[in-house]
Amino acid sequence: MSAPRRLLLVNGPNLNLLGTREPEVYGTATLADVERITAETAAALGFELRALQSNHEGVLIDAIHDARADCAGIVINPGGLTHTSVALRDALTGVALPFAEVHISDVYAREEFRHHSYLHDVAAVRVIGRGVEGYADAVRDLVAQL
């Protein structure tokens, strides 16, 4: 049986506000733009993409668990959960799928509390501060490791 040719894209809390939320930090691209960029990059590499955004941690965790059945890897921007969620980390390590952690802004150039990530040491790929194009970079880098 061949490995699945699908990736899961997970966007966490407040990323539904892209395009209008703090455009000086996050730019003017929308979540739809992010999903399109990511899907096009995945397709060019022979992968399908399933995308999910939620403001609810449990919904994100359930989607990560479900990915174990039919995904080869995960691209995730956990938003504020990056800095707070051991449960999200446990879900990602528990499913044992390689994942890419993405942040649109340079979290290290922002408030001190944003410098800590519960995912940094278990992520296969980290893309930070490259804007929404960072999602495409994350897909390419993740697929290269699959």
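Every chain begins its residue count from 1, and numbering advances along the sequence as written. Given that the model is predicted, a residue must reach a pLDDT of at least 70 before its local features are reported, and side-chain atom pairs must reach 80 or more before they are shown or counted; all residues, however, enter totals for whole chains, interfaces and linings. The side-chain figures draw on all heavy atoms in the structure; neither hydrogens nor water molecules are used.

## What about the overall build of the protein chain?
Note the following rule: Runs of H or I in DSSP of at least four residues are treated as helices and runs of E of at least two as strands, each being numbered from the N terminus. Throughout, the radius of gyration refers to the C-alpha atoms, and the reference size of a globule is 2.2 Å times the residue count to the power 0.38. Throughout this description, buried means an accessible area under 20% of the type-specific maximum (1.4 Å probe, protein chains only), exposed means over 50%, and partly exposed covers the range between.
Summing up its helical and strand segments, the protein chain has five helices and five strands in all. Ordering the α and β elements of the protein chain from the N terminus gives β-α-α-β-α-β-α-β-β-α. The C-alpha radius of gyration of the protein chain comes to 14 Å, within 12% of the 15 Å expected for a compact globule of 146 residues. Taken over the C-alpha atoms alone, the protein chain extends approximately 45 × 30 × 25 Å along its principal axes. The proportion of buried residues among the 146 residues of the protein chain is 45%.

## Digging into the packing of aromatic side chains
Definition in use: Geometry of aromatic contacts follows a simple scheme: Phe, Tyr and Trp rings, the Trp one being its six-membered ring, pair when their centres are within 6.5 Å, and the pair is stacked under 30 degrees between planes, edge-to-face over 60, tilted otherwise. Two conditions define a charge located above a ring, namely a distance within 6 Å from the ring centre to NZ of Lys or CZ of Arg, and an angle within 35 degrees of the ring normal.
This structure, assessed with the given rule, holds zero aromatic pairs. Residue placement shows arginine 5 over the ring face of phenylalanine 47; its charged tip is 4.1 Å from the ring centre.

## Digging into the side chain of threonine 82
So the rule is basically this: Residue contacts follow a heavy-atom distance rule, with two residues in contact if any of their heavy atoms lie within 4.5 Å.
As for its placement among the helices and strands, threonine 82 is situated in the loop between β3 (73-77) and α4 (86-95). The residues contacting threonine 82, other than those within four sequence positions of it, are Glu101, His103, His116, Ser117 and Tyr118.

## Thoughts on helix α3 (residues 57-67)
Turn by turn, an α-helix covers 3.6 residues, leaving residues three or four places apart pointing in a common direction. Basically, it comes down to this: It is the directions from the helix axis to the C-beta atoms whose arc is reported.
For α3, the complete set of buried residues consists of Leu60, Ile61, Ala63, Ile64 and Ala67. When α3 is viewed along its axis, its buried side chains cluster within an angular range of 160° and face the same direction. Structurally, α3 contributes buried residues whose contacts are with β1 (6-11), β2 (48-53), β3 and α4.

## A short note on the pairing of strand β5 (residues 125-128)
Applied cut-off: DSSP calls a pair of strands paired once it identifies at least 2 bridges connecting them.
Along β5, the buried face is formed by Val125 and Val127; none of Arg126 and Ile128, which line the opposite face, is buried. Where strand β4 (residues 99-103) meets β5, four bridges bridge the pair, whose relative direction is parallel. Looking across to β5, one finds that glutamate 101 is bridged to arginine 126.

## Looking at the pairing of β1
Burial analysis of β1 places five of its six residues in the buried class, which makes it a mostly covered element. With six bridges connecting them, β1 and β2 associate as parallel partners. If you follow leucine 7 over to β2, its bridge partner there is leucine 49. Two elements, β1 and β3, share five bridges in a ladder whose sense is parallel. Each bridged residue has a counterpart across the sheet, and for leucine 7 the counterpart in β3 is glycine 73.

## Some details on α4
Our working rule: N or O atoms within 3.5 Å of each other form a polar contact, as long as, within protein, one can give a hydrogen and the other can take it, and as long as residues adjacent in sequence are counted only when both atoms are side-chain atoms.
For α4, every residue scored as buried is listed here: Leu88, Ala91, Leu92 and Val95. For α4, the angular spread of the buried residues around the axis is 95°, confining them to a single face. Where α4 is buried, its residues meet α3, β3 and β4. For α4, the side-chain oxygen to backbone nitrogen distance between the N-cap and alanine 87 is 3.5 Å, and the N-cap itself is serine 85. Alanine 96 occupies a position one or two residues after α4 and carries a positive phi of about 55°.

## Observations regarding the nonpolar core
Rule in force here: Definition of nonpolar core: a set of buried residues of the types Ala, Val, Leu, Ile, Met, Phe, Trp, Tyr and Cys, connected through side-chain atoms within 4.5 Å.
Of all hydrophobic cores here, the largest spans 24 residues; its most connected members are Leu7, Val75, Ile104 and Tyr135. Listed by contribution, the elements that provide at least two residues to this core are β1, α2 (31-44), β4, β5 and α5 (133-145). Broken down by element, this core gets its largest block of residues, six residues, from α5. Ignoring sequence-local partners within four residues, the contact set of valine 75 consists of Leu8, Leu9, Val10, Ala100, Val102, Tyr135, Ala138, Val139 and Leu142.

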